[in-house]
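One-letter residues, chain by chain:
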Amino acid sequence: MSLTLSIIIVNYNGKKFLNDCFSSIQREIDGSSFEVIMVDNQSVDDSVSYTKQYFPWVKIIEANSNLGFGKGNNFGVQHAKGDYILLLNNDTILHNNPLDLIPEFKKNPNIGAIGIKMLNSDNKYTYSFGNFPNMENLFLMKRLQKMKEQDLLTGNFSKNNYIVDWLGGSYILIKKELYQQIGGFDEDYFLYVEDVDFGKRIQNAGKQSYFYPTQSYVHFVGFNTNKNMLLVKGYELFLKKHTKGFKYFLLTTVLSLNAIVKNIKLRNN
């Protein structure tokens, strides 16, 4: 039987977050029109036994290896019965019911995916979207998330929704039909930039990514500077897949300069 929504959560040693995450889903979503699927990437922190004991309604798929983020989500979606998919990080807390956003897809056929307002652990507004790579933002990667619209910079929103290039993978609501049409996440990415690629392929399919600040969630963001080189490698792969010719040469040159600067900073720390 088809459901309205399947929530896919990829977990790797995230036991400390699971109570808050699953409890928020229970609190915000009523009825039987949804399911939660946790793909466990061979955790060694008792995540699976903990979930079975305290949240038996969560469907657990145990992977035979650490699949990474994108491949883990693809694996989960293969088992999903919902017409819509919510990709949700394990270190999140929902503040609203995602089912309330589903009518937006029917109102606006241009919508490919929806993201919502992300708050950090201090409940402060944090960017959960960004721009596609260009000359400026590949050298100063912080600008990959510097949007032109002032509302998106300040968090003082005057509109119900905004079009963005891509949505962060911690919360993406999408029709399963479109997810399957674009092939889900590109499994060549193991960690980082797979969400940028995902947004690009949504756009290539003739749809747009939309940001809705009318709903919010907490995300205990885990990125640190030690992972900067993984980010560089992710963008190298993105450029290889989505650019060509002289533009490819220019952007990869800029990205190489970025990597050199990052390596110097790492050696000096």
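Residues numbered from 1 in each chain as written. Predicted model: local features only at pLDDT ≥ 70, side-chain atom pairs only at ≥ 80, totals over all residues. Heavy atoms only, no water.

> Looking at this structure, how should I read the overall build of the protein chain?
The helix and strand tally for the protein chain stands at 10 helices and 12 strands. By the compact-globule yardstick of 18 Å for 269 residues, the protein chain fits well, its C-alpha radius of gyration being 18 Å. Referenced to the eigenvectors of the C-alpha coordinate spread, the extents of the protein chain come out at roughly 50 × 45 × 35 Å. Buried positions account for 52% of the 269 residues belonging to the protein chain. Pairs at least 24 apart in sequence give 76% of the contacts found in the protein chain among residues at least 6 apart. Accessible surface computed for the protein chain: about 13,000 Å², of which carbon and sulfur atoms make up 50%. Between the mean site of the 30 positive side-chain charges and the mean site of the 25 negative ones, the protein chain shows a separation of 6 Å. (Helix = DSSP H or I, 4+ residues; strand = E, 2+ residues; numbered from the N terminus. Rg over C-alpha atoms; globule rule 2.2 N^0.38 Å. Buried < 20%, exposed > 50% of the residue type's maximum accessible area, 1.4 Å probe, protein only. Contact = heavy atoms within 4.5 Å. Areas by Shrake-Rupley, 256 points an atom, 1.4 Å probe, with all protein chains shown as cover. Lys, Arg positive; Asp, Glu negative; His and termini not counted. Charge placed at Lys NZ, Arg CZ, Asp CG, Glu CD.)

> Would you mind going over the pattern of salt bridges with me for this structure?
Close approach of charged atoms allows side chains of opposite charge to pair. Taken as a whole and judged by the stated rule, the model has eight salt bridges. The partner of Lys 241 in a salt bridge is Asp 188, with the nearest N and O atoms 2.8 Å apart. Within this pair, whereas Lys 241 is found in helix H9 (residues 228-242), its partner Asp 188 is found in the loop between helix H7 (176-181) and helix H8 (194-204), the two being separated by 53 residues in sequence. Given the relative accessible area of 54%, Asp 188 is considered exposed. Several salt bridges converge on common partners, so that one network encompasses Asp 186, Asp 188 and Lys 241. (Salt bridge = Lys/Arg side-chain N within 4 Å of Asp/Glu carboxyl O.)

> How should I be thinking about unusual backbone geometry in this particular structure?
When glycine is set aside, most residues are seen to have a negative phi, and most peptide bonds are trans. Located in the positive-phi region is Asn 123, a residue other than glycine, with phi close to 60°. Here Asn 123 shows up in the loop between strand S6 (111-119) and strand S7 (125-126). The backbone of Val 193 sits at a positive phi, close to 80°, despite the residue not being glycine.

> Would you mind going over the pairing of strand S12 (residues 208-219) with me for this structure?
Successive residues of a regular strand alternate their side chains across the two faces of the sheet. For S12, the buried fraction is high: 10 of the 12 residues fall into the buried class. With three bridges joining them, strand S5 (residues 92-94) and S12 adopt antiparallel strand pairing. Looking across to S12, one finds that Thr 92 is bridged to His 219. (Pairing = 2+ DSSP bridges.)

> Before we go on, may I ask you to explain the packing of aromatic side chains in this structure?
Aromatic ring pairs are reported here in terms of the distance separating the ring centres and the angle at which the planes meet. The full count for this structure, using the stated rule, is 21 aromatic pairs. Ring geometry for Phe 132 and Phe 238: centres 6.4 Å apart, planes at 20°, overall stacked. Taken as a pair, Phe 132 in the loop between strand S8 (129-130) and helix H5 (135-139) and Phe 238 in helix H9 lie far apart in primary sequence, 106 residues in all. Take Phe 132 and Phe 238: they sit in the same class, and that class is buried. (Phe/Tyr/Trp six-rings, centres within 6.5 Å; stacked < 30°, edge-to-face > 60°.)

> Just to check I follow, could you spell out helix H2 (residues 47-54) for this structure?
Because the α-helix completes a turn every 3.6 residues, residues three or four places apart line up on one side. Three or more residues of H2 are buried, namely Ser 47, Val 48, Tyr 50 and Thr 51. Along the axis of H2, the buried positions cluster into a sector of 165°, meaning they face one direction only. When the buried face of H2 is taken as reference, the exposed residues oriented beyond 90 degrees from it are Lys 52 and Gln 53. Check the buried side of H2 and you find it contacts strand S1 (3-11), helix H1 (15-28), strand S2 (34-40) and strand S3 (59-62). (Arc of directions from axis to C-beta.)

> How do you make sense of the nonpolar core when you look at a structure like this?
Generally speaking, soluble globular proteins have nonpolar side chains that are buried together. Ranked by size, the top nonpolar core spans 31 residues in total, and within it Ile 7, Phe 22, Ile 25, Leu 88, Tyr 171 and Leu 173 carry the most contacts. Put simply, the parts of the chain that give this core at least two residues each are S1, H1, S2, strand S4 (82-88), helix H4 (102-107), S6, strand S11 (171-175) and S12. With residues up to four places along the chain from it excluded, the contact list for Leu 173 reads Leu 5, Tyr 84, Ile 85, Leu 86, Pro 98, Leu 101, Ile 102, Phe 105, Gly 112, Ala 113 and Ile 114. The next biggest cluster of nonpolar side chains, apart from the first, holds 26 residues, and it includes Val 77, Leu 87, Leu 152 and Phe 211. (Core = buried A, V, L, I, M, F, W, Y, C linked by side-chain atoms within 4.5 Å.)

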